[in-house]
Amino acid sequence: PAAGAPAPLPLLSLGPLVVGTVLTLVPNLPGVAAEDIPLTAERRVSIVSIDHRRLTLRWTGRVRLERPESARAREEWVRSRSNAGVHATPVPAVEPAYEEKEVTGTLSFPDFGRGRAFLLPGLWPEGTLSLKASSAIWLAPESWNELRRERRTKIPFFRAGSILKDPAAALLERASEMVDGEAPRHDQTARPKDFWRTLEGVGRVRLDLNGISGEVDTLRVANWFGVYDVLEQEGNLLVLSVLPDPPSSTLLDLFAPAKVLKTLLGYRVAAIETPPLKSAGKR
């Protein structure tokens with residue numbers, strides 16, 4: 001590097017996912033270093049058990065949630081705005097209000113090896129639950145192969161209204177339905193809601209691995225909701241970051257503001273801790 005320029009970060013190599021691995025997730029705020037993000041925004045994820053079919057993880061942390069009264073106020077504002085006449089005086093938009101809450105949960109994914117549904121960490125439910133048909137925040141091998149071979153694949157967001165009761169889940173569902181509804185009705189293959197596509201170029205994501213700062217290569221993919229960086233590591237197809245960037249439209253901005261989606265659902269993996277080799281579990 002040139003005089004005075006910082007030394008390049010080393011390229012890190014992550015092994016397969018094993019029991020005892022701990023991930024630290026933080027909000028995805030481009031340009032903000034991990035050490036500058038409040039600890040209260042972190043979420044720690046521990047791998048309790050894993051094989052090629054099933055994954056169980058335990059997560060803890062403090063998360064930012066929209067207050068129920070705030071969600072209701074925004075719903076009322078949207079309703080009044082939608083019903084107002086063309087010449088009515090615009091009512092100022094309601095700014096969302098958030099609260100921080102300590103949360104924890106133990107989630108089992110019995111279809112981890114073949115389930116395609118992606119479950120954003122901002123929607124993880126509390127308590128002990130089994131969530132079928134989902135690969136959590138990893139990609140199923142079949143999805144990965146299709147992205148590499150065909151440059152697109154179907155990966156729906158996990159949807160289960162009786163399980164995901166957080167207002168953000170309803171917000172995401174509403175936004176995806178609006179985006180899907182804008183596709184041509186006669187062409188089902190063009191409907192974008194569940195499809196991810198491979199982007200050009202190789203991505204790079206910065207993280208700490210067992211206390212060492214470095215970078216890893218990623219496959220960059222996108223869907224209507226945003227851009228994703230996927231770890232290119234067989235046996236550990238971890239989605240390292242999600243940067244929401246939903247399309248702007250009058251309806252979408254009314255019912256599911258991009259600012260709210262970004263605040264609640266964007267994330268990146270800031271650090272990974274792996275157990276000593278002698279005690280690491282097997283895939």
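Please refer to the structure placed before this passage.
Owing to the predicted nature of the structure, the values given are computational and were not obtained by experimental measurement.

What follows deals with the pairing of strand E8 (residues 212–223). The pairing of strand E7 (residues 195–209) with E8 spans ten bridges and is antiparallel. When the sheet's bridge partners are listed, arginine 204 is paired in E8 with aspartate 217. Connecting E7 to the next strand, E8, in antiparallel fashion are two residues, including asparagine 210 with a positive phi near 50 degrees. As paired elements, E8 and strand E9 (residues 226–231) share six bridges and run antiparallel to each other. Paired with alanine 222 across the bridge in E9 is valine 227. As consecutive antiparallel partners, E8 and E9 are separated by two residues.

On to the pairing of E9, then. If a strand is regular, its side chains alternate between the two faces of the sheet. In terms of burial, E9 is largely enclosed, as five of its six residues are buried. As paired strands, E9 and strand E10 (residues 239–244) are joined by five bridges and run antiparallel to one another. When the bridges of E10 are listed, glycine 226 appears paired with proline 244.

The next thing to look at is the nonpolar core. Counting residues in hydrophobic clusters, the biggest one holds 63 residues, and the most contacted among them are Leu57, Phe118, Leu120, Trp138 and Phe225. In terms of residue count, the dominant contributor to this core is helix H3 (residues 167–181) (six residues).

With 16 residues, helix H1 (residues 68–83) should reach 22 Å at 1.5 Å per residue; the first-to-last C-alpha distance of 23 Å fits that figure. What H1 keeps buried is the set Ser70, Ala71, Arg74, Trp77 and Val78. The arc enclosing the buried residues of H1, seen along the axis, measures out at 120 degrees, which places them on a common side. Of the residues in H1, the exposed ones pointing more than 90 degrees away from the buried face are Arg72 and Asn83.

What counts and how
Residues numbered from 1 in each chain as written. Predicted model: local features only at pLDDT ≥ 70, side-chain atom pairs only at ≥ 80, totals over all residues. Heavy atoms only, no water. Pairing = 2+ DSSP bridges. Helix = DSSP H or I, 4+ residues; strand = E, 2+ residues; numbered from the N terminus. Buried < 20%, exposed > 50% of the residue type's maximum accessible area, 1.4 Å probe, protein only. Core = buried A, V, L, I, M, F, W, Y, C linked by side-chain atoms within 4.5 Å. Expected span 1.5 Å × (residues − 1). Arc of directions from axis to C-beta.

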